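# Chain and residue survey
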Amino acid sequence: MRKDTIAAIATAMSDSGISIIRVSGEDAIPIVNRIFFTKGHKQILSEAESHTIHYGFIYDGEYKIDEVMVSVMKAPRSFTTEDVVEINCHGGVLVTNKVLETVIKNGARIADPGEFTMRAFLNGRIDLSKAEAIMDLIHAKSEYALKNSMNQLSGSVANIIKNLREQLIYEIAFIESALDDPEHISLEGYEDKLSKVNDGLLFEIDKLIESAHDGMLLKEGINTVIVGKPNVGKSSFLNALIGKERAIVTDIEGTTRDALMETVKIKDILLNIIDTAGIRETEDIVEQIGVNKAKEYVKDADLLIYIVDSSKELDQNDFDIMEMLYQRKSIILLNKNDLETKIDEISIAQYLKDIYSKNNGTYNNEIPIIKTSMLNKEGMDLFEKIVMDLFFSGQLKINDEVYITNMRHKEALMEAASSLRLVRQSLENHMPEDFYSIDLMNAYTSLGYILGEELGDDLVQEIFSKFCMGK
Ligand code: GDP
């Protein structure tokens, strides 16, 4: 563990009212003391009490750089658990950099991204899941993401994991003691007991793994692709969602040639929407590139929105697009409902039925079909409700439900679950007890990764390197 003193700008690098330069480490106080003077030109920081704030000036030699407020937080009562000094200076980019430079000149080193939080973790102040929650909180793009990361920061995930690990270590210890001291501790009937505990643990872990699906969607947004032939109203739909004229709307077919990506928020759910070039057979090479790209985006999407111009008959292009909806989360919009319509829900459903049965599936009306008019802004409320129904069964219980939102956590949970499945297998096959304890221990270790225990230094470094500068 590096003990040197680090410094970084903790606020955003743009002109603003105030910037904060954070300094942490054994020499944080002496370093800032060298450059900070009160109005009466006194150096007072080395005598300052913890958790106090002081008014004065930062000097680089004779040169007065800025008028500042400096706060002192002594170890261990600070974010990093080390001595921390924070300099609040004026928020200009130049002046902030000058203050940082002076701190560096006087003995601190520029912090790596996330190094303050890494120190908080390595010094035992927070576990890794909480450190990651801090980053999620900073990057939260929706209210739900914010609430969820705050819950995780308060320990929602960490507490569950700790509890699971406690149960595991209890069983491991019991088996080990019984094997060591068979005269006093009997394993008679233990298989049944362990089997119940093991099933209980697996159930909880599987529930957490399942929550990751919604959790990721909440955090990152639902990757949505709008498909449909040219001129059916795809851009108009996107604009209606965004509420501003961003996508180009024209009467000439094939104008949305490449894809356009927008993140929109509906009922606090993020949709990362890609408006594709209209999908149709085309001779135009540029348009063809767009069409191919659209087909690629479709492959990775969580949700497909297929827009149809209901004032026109369907053609082969529509059937080709409907093929793409097979067994995919999709919503069909019968747009231009304000005009005289040529197609309706029933005819579309019939085509879907044919497509499903051609693929040996049965279509049970799982694809919602709604009538919309972008001209009159009709159908948008229903669309939003349907998205909620499709993804979160209509409601999100963010306050009492724990969501896994981190891929790393999900992978660790999956490892733990597969170890516990091996325990189940060994139990079914009445294997010797040490078989159980090996797999129980593996599950214990995997869950430890979430809290940052049992992780190698290089992995820890890698995780923190993705954090922001100054955090
Ligand atoms: P895209 O090519 O699928 O992106 O279609 P656009 O959004 O560019 O729309 C094509 C044309 O259809 C434009 O002239 C729109 O104003 C018009 N349009 C879009 N939605 C509606 C609608 O619901 N009703 C009517 N009457 N016209 C629409």
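Since the model is a prediction, treat every value here as computed from it, not as a measurement.

## What about the environment of Ile274?
Of note, Ile274 is situated in strand β10 (residues 269-275). The buried category is assigned to Ile274, whose relative accessible area is 13%. Sequence-wise, Ile274 and Tyr356 are 82 residues apart; in three dimensions their C-alpha atoms are separated by 26 Å.

## Thoughts on the packing of aromatic side chains
Taken as a whole and judged by the stated rule, the model has 9 aromatic pairs. An angle of 45° between the planes, with centres 4.8 Å apart, marks the rings of Phe319 and Tyr351 as tilted. Of the two residues, Phe319 sits in helix α10 (residues 316-324) while Tyr351 sits in helix α11 (residues 345-358), which places them 32 residues apart along the sequence. A relative accessible area of 24% means that Phe319 is categorised as partly exposed. An aromatic cluster is built from Phe121, Phe464 and Phe467, whose rings are joined through pairwise contacts. Lying across the ring of Phe57, Lys64 places its NZ or CZ 4.1 Å from the centre. Of note, Lys329 hangs over the ring of Phe391, and the distance from its end group to the ring centre comes to 4.5 Å.

## Looking at the sheet that holds strand β3 (residues 36-37)
Reading across the sheet, the 7 strands line up as β3-β4-β5-β6-β2-β1-β7 and stay open at both edges, with mixed pairing between neighbours. Two strands lie at the open edges of the sheet, namely β3 and β7 (109-110), each paired on one side alone. Here strand β1 (residues 6-9) runs beside strand β2 (residues 16-24); their pairing, made up of 4 bridges, is antiparallel. In the sheet register, Ala8 faces β2, and the bridge partner there is Arg22. On the sheet, helix α2 (residues 93-105) packs against β1, β2, β4 (52-60), β5 (63-73), β6 (84-91) and β7 and is oriented at approximately 150° with respect to β6. On top of the sheet, helix α3 (residues 115-122) reaches β1, β2 and β7; it is set at about 135° to β1, its chief contact.

Procedures and definitions
- Residues numbered from 1 in each chain as written.
- Predicted model: local features only at pLDDT ≥ 70, side-chain atom pairs only at ≥ 80, totals over all residues.
- Heavy atoms only, no water.
- Helix = DSSP H or I, 4+ residues; strand = E, 2+ residues; numbered from the N terminus.
- Buried < 20%, exposed > 50% of the residue type's maximum accessible area, 1.4 Å probe, protein only.
- Phe/Tyr/Trp six-rings, centres within 6.5 Å; stacked < 30°, edge-to-face > 60°.
- Lys NZ or Arg CZ within 6 Å of the ring centre and 35° of its normal.
- Pairing = 2+ DSSP bridges.
- Contact = heavy atoms within 4.5 Å.
- Axes fitted to C-alpha atoms, helices over the stretch in contact; angles between N-to-C directions.

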